[in-house]
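# Coordinates in review
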Amino acid sequence: MPYPSARTAVPAVHYVNALDFMSRVLELCEHFGASVTSYYRTPKHNRAVGGVPHSKHLTAEACDVVLDDPRQLTDAIAAARRAGLVAIPEADHLHLQRG
């Protein structure tokens, strides 16, 4: 397997970031019917998937989500921004990170 498991544990140093950030993300996911497809990444995994060197995925402050209904993308972006998140639409997912 070329990539670490999706269950890679978030290092303790990032717990506070992870709890605050993911509480906001999970609320959005529940409201819009979205699934988290990528969250915390190790540096090795980040390089393997072509992530930027200082990605917020490395500090548990970013994730990628896929909406069950892509027609809700505009509303999901607006809700994410109201929750204090940066929302960046990508080709096949919505990237969310702490602002």
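Quick note: structure is the one above.
Note that the coordinates shown come from a computational prediction; the quantities given were computed from them, not determined experimentally.

What counts and what doesn't
Residues numbered from 1 in each chain as written. Predicted model: local features only at pLDDT ≥ 70, side-chain atom pairs only at ≥ 80, totals over all residues. Heavy atoms only, no water. Pairing = 2+ DSSP bridges. Helix = DSSP H or I, 4+ residues; strand = E, 2+ residues; numbered from the N terminus. Axes fitted to C-alpha atoms, helices over the stretch in contact; angles between N-to-C directions. Contact = heavy atoms within 4.5 Å. Buried < 20%, exposed > 50% of the residue type's maximum accessible area, 1.4 Å probe, protein only. Arc of directions from axis to C-beta. Core = buried A, V, L, I, M, F, W, Y, C linked by side-chain atoms within 4.5 Å. Salt bridge = Lys/Arg side-chain N within 4 Å of Asp/Glu carboxyl O.

## Notes on the sheet that holds strand β4 (residues 94-98)
Each strand in a sheet pairs with its neighbour through backbone hydrogen bonds, running either in the same direction (parallel) or in the opposite one (antiparallel). An order of β1-β2-β4-β3 is seen for the four strands of this open sheet, with the pairing classed as antiparallel. In this open sheet, the two edge strands, each paired with only one partner strand, are β1 (34-38) and β3 (85-89). Ignoring strand direction, the axes of neighbouring strands in this sheet form an average angle of 35 degrees. Where strand β2 (residues 62-67) and β4 come together, four bridges link them in antiparallel fashion. Across the sheet, Asp-64 pairs through a bridge with His-95, a residue of β4. Lying on the sheet, helix α1 (residues 15-32) is in contact with β1, β2, β3 and β4; it crosses β4 at an angle near 145 degrees. With respect to the sheet, helix α3 (residues 73-82) is in contact with β2, β3 and β4, its orientation differing from that of β3 by roughly 155 degrees.

## Focus: α3
Where α3 is concerned, the buried positions are Ala-76, Ile-77, Ala-79 and Ala-80. In an axial view of α3, the angular spread of the buried residues amounts to 165 degrees, which keeps them on one side of the axis. Among the exposed residues of α3, those oriented more than 90 degrees off its buried face are Thr-74, Arg-81 and Arg-82. Positive phi appears at Gly-84, one or two residues downstream of α3, with a value of about 85 degrees.

## Description of the environment of Val-13
When you line up the elements, Val-13 lands in the segment before α1. On the accessibility criterion, Val-13 (68% relative accessible area) is exposed. Sequence separation of Val-13 and Ala-80 is 67 residues, and the distance between their C-alpha atoms is 25 Å.

## Some remarks on the nonpolar core
The nonpolar side chains of a soluble globular protein tend to be buried with one another. Phe-21, Val-25, Tyr-39, Val-65 and Leu-96 are the most contacted members of the largest nonpolar core, which has 23 residues in total. The dominant element in this core, judged by the number of residues it contributes, is α1, at seven residues. With near-sequence residues (within four places) excluded, Val-65 lies in contact with Val-25, Cys-29, Ala-34, Ser-35, Val-36, Thr-37, His-93, Leu-94 and Leu-96.

## What about the pattern of salt bridges?
Enumeration over the complete set of coordinates arrives at five salt bridges. Between Arg-24 and Asp-20 there is a salt bridge, and its shortest N-O distance comes to 3.2 Å. Linking Arg-24 with Asp-20, this pair stays in helix α1, spanning four residues, or about one helical turn. With relative accessibility at 29%, the residue Arg-24 sits in the partly exposed group. Across the pair Arg-71 and Asp-69 runs a salt bridge whose closest N-O atoms are separated by 2.9 Å. Looking at Arg-71, the relative accessible area reads 74%, which means it is exposed. The exposure class of Asp-69 is partly exposed, given its relative accessible area of 23%.

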